[in-house]
Amino acid sequence: MSAPGSLRRNQVICFTLVWVSYCATYFLRKPLGVVKTDIARDLGLSKTALGWCDTALVLPYAAVQILLPSLSDMWGPRAVLSSCLGLAGVSTYLTYTLWSDSVYTLCLGLAITGGLLAPCWPACTASLSSWFPDNRLNSMFGLINTATYSGGLGGTALAAALLEWSGWRSVALPPAIMAVVTATLVSLALRTPTEKGVLVPGKTTQTPQEKIASLSESQSLLSLAKIPCVPQLATSLFCLKFVRYCMALWLPLYLLEHLGYSKLQAGMFSTVFDIGGIVGSPLLGYLLDRHYTTAPLLGVTLTMMGGTVATALFVVTAQWGVLFNAVCLLVAGAANCGPDSILAGSVSME
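Residues numbered from 1 in each chain as written. Predicted model: local features only at pLDDT ≥ 70, side-chain atom pairs only at ≥ 80, totals over all residues. Heavy atoms only, no water.

1. Overview of the nonpolar core
Worth spelling out the cut-off: By convention a nonpolar core is built from buried Ala, Val, Leu, Ile, Met, Phe, Trp, Tyr and Cys residues, the set being connected through side-chain atoms within 4.5 Å. Burial classification: accessible surface area is computed with a 1.4 Å probe over protein chains only, and a residue below 20% of its type maximum counts as buried, one above 50% as exposed, and the rest as partly exposed. Note on conventions: DSSP H or I runs of at least 4 residues are helices, E runs of at least 2 residues are strands, and numbering of each starts at the N terminus. Any two residues whose heavy atoms approach within 4.5 Å are treated as being in contact.
Counting 63 residues, the largest nonpolar core has Val35, Ile39, Tyr96 and Leu110 as its most contacted members. Residue contributions to this core peak at 10 residues, all from helix H1 (residues 4–29). In contact with Tyr96, other than residues within four places in its own chain, are Pro31, Leu32, Val35, Leu110, Trp168, Arg169, Val171 and Ala172. Residues Leu251, Tyr261, Phe273 and Phe314 belong to the second largest nonpolar core, which totals 19 residues.

2. What to know about a nonpolar patch on the surface
How we decide: Patch membership requires over 30% relative accessible area and the absence of a salt bridge. Like charges are linked within 9 Å, and nonpolar side chains (Val, Leu, Ile, Met, Phe, Trp, Tyr) within 5 Å. Method for areas: the Shrake-Rupley scheme with a 1.4 Å probe, in which residue coverage is limited to the protein chains shown. Salt bridges, as used here, are contacts in which a Lys or Arg side-chain nitrogen is within 4 Å of a carboxyl oxygen on Asp or Glu.
A contiguous nonpolar surface patch, about 1,000 Å² in accessible area, is contributed by Ile275, Val279, Leu283, Tyr286, Leu287, Trp320, Leu323, Phe324, Val327, Leu330 and Val331. Sorting the residues of the nonpolar patch by element identifies helix H17 (271–291) and helix H19 (322–349) as the ones contributing at least two each. With a relative accessible area of 63%, Leu323 lands in the exposed category.

3. Quick word on the side chain of Thr92
Within the element layout of this structure, Thr92 appears in helix H6 (residues 77–96). In contact with Thr92, not counting residues within four places along its chain, are Leu28, Thr113 and Ala172.

4. Things to note about the environment of Tyr104
Residue placement: Tyr104 occurs in helix H7 (residues 103–117). Residue Tyr104 is classed as exposed on the basis of its relative accessible area, which comes to 69%. The spatial distance from the C-alpha of Tyr104 to the C-alpha of Cys53 is 9.1 Å, given a sequence separation of 51 residues.

5. A closer look at the environment of Glu195
Quick reminder of the rule: Residues adjacent in sequence count toward polar contacts only when both atoms are side-chain atoms; beyond that, a polar contact is any pair of N or O atoms within 3.5 Å, and within protein one must be able to donate a hydrogen and the other to accept it.
With respect to the secondary-structure elements, Glu195 resides in helix H12 (residues 193–196). Other than its neighbours up to four places away in sequence, Glu195 contacts Arg78 and Leu190. A distance of 3.2 Å separates a polar atom in the side chain of Glu195 from a polar atom in the side chain of Arg78.

6. Description of helix H18 (residues 296–316)
What counts is decided by this rule: Under the convention used throughout, the expected extent of a helix is 1.5 Å for every residue step, that is, one less than its residue count. Read the arc as the range of directions from the helix axis to the C-beta atoms.
Look at H18: 31 Å from first C-alpha to last across 21 residues, which is about the 30 Å you get at 1.5 Å a residue. Those residues of H18 lying buried are Pro296, Gly299, Val300, Gly307, Ala310 and Phe314. With its buried residues spanning 95° around the axis, H18 presents them on a single face. In this structure, H18 carries Met305, Thr308, Val315 and Val316 as exposed residues pointing more than 90 degrees from its buried face.

7. Digging into the pattern of salt bridges
Tallied over the full model, the rule gives eight salt bridges. The partner of Lys47 in a salt bridge is Glu257, with the nearest N and O atoms 3.5 Å apart. Taken together, the positions of Lys47 in helix H4 (residues 47–67) and Glu257 in helix H15 (residues 230–257) put the pair 210 residues apart, joining distant regions of the chain. A salt bridge links Arg78 to Glu195; the nearest nitrogen and oxygen atoms lie 3.2 Å apart. Separated by 117 residues along the polypeptide, Arg78 in helix H6 and Glu195 in helix H12 bring together distant segments of the chain. Several salt bridges share partner residues, and in doing so they unite Asp38, Arg41, Asp42, Asp101 and Arg169 into one network.

8. Here's the deal with the side chain of Lys30
Tracing the backbone through its elements, the reader meets Lys30 in the loop between H1 and helix H2 (31–34). For Lys30, a relative accessible area of 8% corresponds to the buried category. Here Lys30 is in contact with Gly151, Gly152, Gly155, Thr156, Ala248 and Asp274, once residues within four sequence places are set aside.

9. With respect to the packing of H6 against H7
The following threshold applies: Note on method: axes are straight lines fitted to C-alpha atoms, helices fitted across the in-contact stretch only, with angles between N-to-C directions ranging 0 to 180 degrees. By the definition adopted for this analysis, an angle is roughly parallel if under 35 degrees, roughly antiparallel if over 145, roughly perpendicular if from 65 to 115, and oblique otherwise. Crossing handedness follows the turn of the near helix against the far one: under a right angle anticlockwise gives a left-handed crossing, and clockwise gives a right-handed one. Polarity classes work like this: nonpolar for Ala, Val, Leu, Ile, Met, Phe, Trp, Tyr, Cys and Pro, charged for Asp, Glu, Lys and Arg, and polar for all others, with Gly in that last group.
Between H6 and H7, the shortest axis-to-axis distance is 9 Å and the interhelical angle comes to 165°. The orientation of H6 with respect to H7, classified from their angle, is roughly antiparallel. The crossing of H6 and H7 is left-handed. Across from Cys84, Leu87, Ala88, Ser91, Thr92, Thr95 and Tyr96 in H6, the residues of H7 making contact are Leu106, Gly109, Leu110, Ile112, Thr113, Leu116 and Leu117. Along the lines of polarity and charge, the residues of the contact of H6 with H7 split into nine nonpolar, five polar and no charged.

This is the structure in structure tokens:
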């Protein structure tokens, strides 16, 4: 049994590194949604071509997570997170600089970045879940997912400022530096309880033999879909991600072209959705652990219903002014980020 002080110190180190790492991934993703107008102007792209740029980033991300789900189990979360995050920083920088003169090389760079970012979240969840007891995972995943929207907020604001001051090809350097530095820190400092010789109370662990057996079992996507609740969980996450990526990749352009915001205003105002996510994620995790201990999916369902209403109201009241836009986006962000963190984290691992 490890000393409480040693356990707490290692939990803080793990949480901090995982939070900063996942935050950095959003600094790498968010510039595309902010600089769309300038990319279209400089490269002569239509809205359809801009949509293919989005697909180039998101499709490899999804494909790698589906086809290679066990990278962290095979190589360890530290190795996967540090290598993928560092390489994603390099590819992001190249995408917006050396590869930015053609839509084809731009899409290639975005595809490489998306594929490299895909293993980062599974590695983060593996690291975080190993250090905290099972009865605290809802709260911890609620807190860790504030990195999603903190990174989204920071990445959007930074990209909007750099776009205004020095053009769209300058937006990648600061996020790339952040990613490489964070990857280095993860490689040096992130450890598992086994490596540190620490026993986490209240944690159900697999023996080495059980882990080897689970990795050796080949399960097809069809067999996974037959597991109870998996189709419902996948459908729910699809809907949440659909809304989230629409907001991340197209909200600034919508604010610019349809609501008359300036480029800087559109970039900055779109962060309201991210601010809502920062509040909603830890709040939902706390409420589930406190009031929905035996039925967390009920709390998630009610929150998603509230988010649906808020998103619909945003569309209906879009022309009513900044105040209505801000309130609807704030609530929609909170109701999207909270369920996303719970369903993709603690619920998926049960």
